[in-house]
Amino acid sequence: MSDTVTPVAPPALEPSPANPLAPIEVQNVSRWYGNVVAVNDISFSLGAGVTGLLGPNGAGKSTLLHLMSGFLQPSAGRVFVGGFPAWGRPEMYRQVGLVPEREAVYSFLTGFEFARFNARLQGLPDPDGAATRAMAEVGLTDAQHRPIGTYSKGMRQRAKVAGALVHDPLVLLLDEPFNGMDPRQRLSMMELLRRMAADGRTILFSSHILEEVERLAQQVLVVVAGRLAASGDFRAIRKLMTDRPHEFTVRSSDDRRLATALIGHPAVFGVELASGALVVRSSDFAAFAAAIAGVARSTGVSLFELLPTDESLESVFSYLVAR
Amino acid sequence: MIAEVVRVTARQLLGRRRTLLMGLLALVPVLLALIFRVGGSETGTIDGDRHFLVALFDALIITLLLPLVALLMGTAAFGAEIEDGTVIYLLAKPVGRLRLVLAKLAVAAGATFVIVGSSTLVAGLIVLAGVPDGPGLIVGYLVGIAVGSVLYGAVFVALSLVTGRALIAGLMYVLIWEGLLASFFAGIRVLSIRQYVLGISDAAGVGGRITTDTLPAGSAFAIGAVVLVLAVAIGLRRLRSFEVPQAD
């Protein structure tokens, strides 16, 4: 994946002797259910490091992860993970650890037994040793002999991670791994994933929370409405997101007078008088937020309400797609 | 590797309330046997005891208990994990799918045989104390039940991979197809696991039934083997193309 921001789908990498398969290769993959297209012609390839799969809920992140996990057959295109086709080749799972989003675990097993179950089915020579190491890795050594049913949500999540990394996989796929974790658990999980990435593993995690991705991922894939809206270095995409025009709704004692004053401000590039409110467009979120109170005071207008109208992640994403 | 799947599946099944219910159901033949023994048989003869036992086993154990227990165990062996989503942890492993199907079948058949077989053994011993060919009769039934556990297990495990409503489909097969239609139309018997069980238990030493006309043991074995292979093949095919439902 390049460091530059590539709006819409980047070209597919064709595997060849000179360019062997990357740990994760997604080539022109689509998946539809009847008339509904969940994933639409997505291509990318990922190497070592942490990559965030970002998108609003229902954008197709889970479908994409399911396709990479070998749980769904692509309607079109191909997916390779660890050099194997993801669909219909159980051997692939030697290279892959999965942390699914679903809460479900074998609640009657202890954390240790769950890790050992995974180790045994991976055919490891020393399942007990591997399970002990994995439980230590996720910081669950003290609780490893308690049934998972008694774990908190965050502990359960870590037990799932222990099960996924027990066989030391090349690729780790995590679906919303931070859901339900408190800030401290979140930090230690991020630390763990960073460490694993530093060991040369390819880690892909999905999230609908921008800040999580920002704190952990060097690279990001943005999926909106089943399409790859952007991919590349996170900072570049973040800049795109903050530099976009922002829209505010303002209610005041005198909208017209405030509008006249605001249009003269360098951070404002558009003002519109709507019924009972003023819609202000600004190119600089921070500068406008700092300036509005001063402008109102100097013109003698009282501010009643100031609302950013399009701060939802969805609108950020749709802006990215529209670009 | 497979032993681990068997262990975890067995623990999963044992923890279910339905399994407990099956255990209670298995007590019914034992209770009836006790009532018969305490109340005394009408005839008081060895033949009377024998008749009672065959009637009890045919009507209650082979017709109801065996298929119902097998249905619950067979459909839950994969079904419970598919339902709660834990099947992901099983599928995301470099294990051949045939081994997974066989492991699940082993648990379903094993659990069915333990529950139904022990009910048969205890009820049989209570009724047949003193009957000369009593042990042979019980062994004959146990052989039939063992074969039936495997056949029903294979069919119901496959069914749980074919449809999300395996329990209802299985219940209709047991009650309507085997229970009703097969008793009216002799031709249907060829496609009834109950008939294979009866035929095989005959050959293993039961005999002397009130409702005779069972399938010859040879045919029962041959068709049973075909059913087993077909069920495993269908289950395997379904598992290989199994798509995991998404959470959202």
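Residues numbered from 1 in each chain as written. Chains lettered and ligands numbered in written order. Predicted model: local features only at pLDDT ≥ 70, side-chain atom pairs only at ≥ 80, totals over all residues. Heavy atoms only, no water.

## Some details on the packing of aromatic side chains
For any pair of aromatic rings, the description rests on two quantities: the centre-to-centre distance and the angle between the ring planes.
Here is step 1: Summed over the entire model, instances satisfying the criterion amount to 10 aromatic pairs over all chains.
Here is step 2: Ring centres 5.2 Å apart and planes at 70° place the aromatic pair Tyr106 of chain A and Phe117 of chain A in the edge-to-face group. Here Phe117 of chain A lies in helix H2 (residues 111-121) and Tyr106 of chain A lies in the loop between strand E6 (96-99) and H2, a separation of 11 residues in the sequence. Per residue, the accessibility class of Tyr106 of chain A equals that of Phe117 of chain A, and both read buried.
Here is step 3: Each member of the aromatic cluster is reached from another via a ring pair, and the members are Tyr106, Phe108, Phe114 and Phe117 of chain A together with Tyr89 of chain B.
Here is step 4: A cation sits over an aromatic face here: Arg31 of chain A above Tyr33 of chain A, 4.5 Å from the ring centre. (Phe/Tyr/Trp six-rings, centres within 6.5 Å; stacked < 30°, edge-to-face > 60°. Helix = DSSP H or I, 4+ residues; strand = E, 2+ residues; numbered from the N terminus. Buried < 20%, exposed > 50% of the residue type's maximum accessible area, 1.4 Å probe, protein only. Lys NZ or Arg CZ within 6 Å of the ring centre and 35° of its normal.)

## Regarding unusual backbone geometry
Here is step 1: Of note in the backbone geometry, Asp41 of chain A takes a positive phi value of approximately 50° without being a glycine.
Here is step 2: Unusually for a residue other than glycine, Glu176 of chain A sits at a positive phi of about 45°.

## Here we look at the nonpolar core
Most often, soluble globular proteins have nonpolar side chains that are buried together.
Here is step 1: Within the largest apolar cluster, 151 residues are counted, with the highest numbers of intra-cluster contacts made by Ile24, Phe44, Met68, Leu173 and Leu204 of chain A together with Phe78 of chain B.
Here is step 2: A per-element tally of this core places helix H3 (residues 46-84) of chain B first, with 18 residues.
Here is step 3: Among all residues touching Leu204 of chain A, those that are not within four sequence positions of it are Ile24, Leu46, Thr51, Gly52, Leu53, Leu65, Met68, Leu172, Leu173, Leu174 and Leu221 of chain A.
Here is step 4: Counting residues in hydrophobic clusters, the runner-up holds 14 residues, among them Val250, Ala259, Leu278 and Val295 of chain A. (Core = buried A, V, L, I, M, F, W, Y, C linked by side-chain atoms within 4.5 Å. Contact = heavy atoms within 4.5 Å.)

## Concerning the sheet that holds E6 of chain A
Residue and element names in this part refer to chain A.
Here is step 1: As summarised here, the arrangement of the six strands in space is E6-E7-E8-E3-E9-E10, forming an open sheet in which the pairing is mixed. The sheet terminates laterally at E6 and strand E10 (227-233), the two strands that pair on one side only. Here the strands of the sheet are splayed against their neighbours by 15° on average, with no regard to which way each runs.
Here is step 2: Where strand E7 (residues 171-174) meets strand E8 (residues 202-207), four bridges bridge the pair, whose relative direction is parallel. The residue of E8 that forms the bridge with Leu173 is Leu204.
Here is step 3: Along the sheet, helix H1 (residues 61-68) contacts strand E3 (49-54), E7, E8 and strand E9 (219-224); its crossing angle with E8, the most-contacted strand, is approximately 150°. (Pairing = 2+ DSSP bridges. Axes fitted to C-alpha atoms, helices over the stretch in contact; angles between N-to-C directions.)

## A few points about the environment of Ala59 of chain B
Here is step 1: Assignment of secondary structure puts Ala59 of chain B in helix H3.
Here is step 2: Separated by 127 residues in the primary sequence, Ala59 of chain B and Ala186 of chain B have C-alpha atoms spaced 18 Å apart.

## Description of a nonpolar patch on the surface
Residues and elements named next belong to chain B.
Here is step 1: Together, Leu64, Leu167, Ile168, Leu171, Met172, Leu175, Ile176, Leu180, Phe184 and Phe185 give the surface a local cluster of nonpolar side chains, amounting to about 940 Å² of exposed area.
Here is step 2: By residue number, the principal contributor to the nonpolar patch is helix H7 (residues 166-184), which donates eight residues.
Here is step 3: Relative to the elements of secondary structure, Leu167 occurs in helix H7.
Here is step 4: Accessibility expressed as a relative area gives 32% for Leu167, which makes it partly exposed. (Patch = residues over 30% accessible without salt bridge, like charges linked within 9 Å, V, L, I, M, F, W, Y side chains within 5 Å. Areas by Shrake-Rupley, 256 points an atom, 1.4 Å probe, with all protein chains shown as cover. Salt bridge = Lys/Arg side-chain N within 4 Å of Asp/Glu carboxyl O.)

## Things to note about the confidence of the model for chain A
Here is step 1: For chain A, mean pLDDT is 86; residues scoring 70 or higher make up 89% of the total.
Here is step 2: Low pLDDT, under 50, characterises residues 1-19 of chain A; the predicted model gives this stretch 42 contacts beyond four residues in sequence or across chains. (pLDDT = per-residue confidence, 0-100.)

## Some details on the interface of chain A and chain B
Here is step 1: Contact with chain A, which involves 33 residues of that partner, is made by 30 residues of chain B.
Here is step 2: Carbon and sulfur atoms make up 62% of the surface buried where chain A meets chain B, a total of about 2,900 Å² over both sides.
Here is step 3: For chain A, the biggest contributors to the area lost against chain B are Phe71, Arg102 and Leu121 of chain A; these three give 25% of the whole.
Here is step 4: With its nearest N and O atoms 2.7 Å apart, the salt bridge here joins Arg31 of chain A to Glu243 of chain B.
Here is step 5: Going through the elements one at a time, strand E1 (24-33), H1 and H2 of chain A are the ones with two or more residues in the side of chain A that touches chain B.
Here is step 6: If one sorts the elements of the side of chain A that touches chain B by residue count, H2 of chain A sits on top with seven residues.
Here is step 7: Of the residues contributing to the side of chain A that touches chain B, the split by class is 16 nonpolar, eight polar and nine charged. (Buried area = accessible area lost by both parts, 1.4 Å probe. Nonpolar A, V, L, I, M, F, W, Y, C, P; charged D, E, K, R; others polar.)

## Quick notes on helix H5 (residues 183-198) of chain A
All names here are of chain A.
Here is step 1: The terminal C-alpha atoms of H5, which comprises 16 residues, lie 22 Å apart, in line with the 22 Å expected from a rise of 1.5 Å per residue.
Here is step 2: Capping the start of H5, Asp182 holds a side-chain oxygen 3.1 Å from the backbone nitrogen of Arg184, two or three residues further along.
Here is step 3: Downstream of H5 by one or two residues, Gly200 has phi in the positive range, about 95°. (Expected span 1.5 Å × (residues − 1). Polar contact = N/O pair within 3.5 Å; in protein donor to acceptor, adjacent residues only side chain to side chain.)

## Digging into the pattern of salt bridges
Here is step 1: Evaluated as defined, the whole model comprises 17 salt bridges over all chains.
Here is step 2: Note that Glu305 of chain A and Arg251 of chain A form a salt bridge whose closest N and O atoms lie 2.7 Å from each other. Of this pair, Glu305 of chain A sits in strand E14 (residues 303-308) while Arg251 of chain A sits in strand E11 (residues 246-252), and the two are 54 residues apart along the sequence.
Here is step 3: Given a relative accessible area of 35%, Arg251 of chain A falls into the partly exposed group.
Here is step 4: Taken together, the salt bridges that share partners define one network made up of Arg120 of chain A together with Glu4 and Arg7 of chain B.

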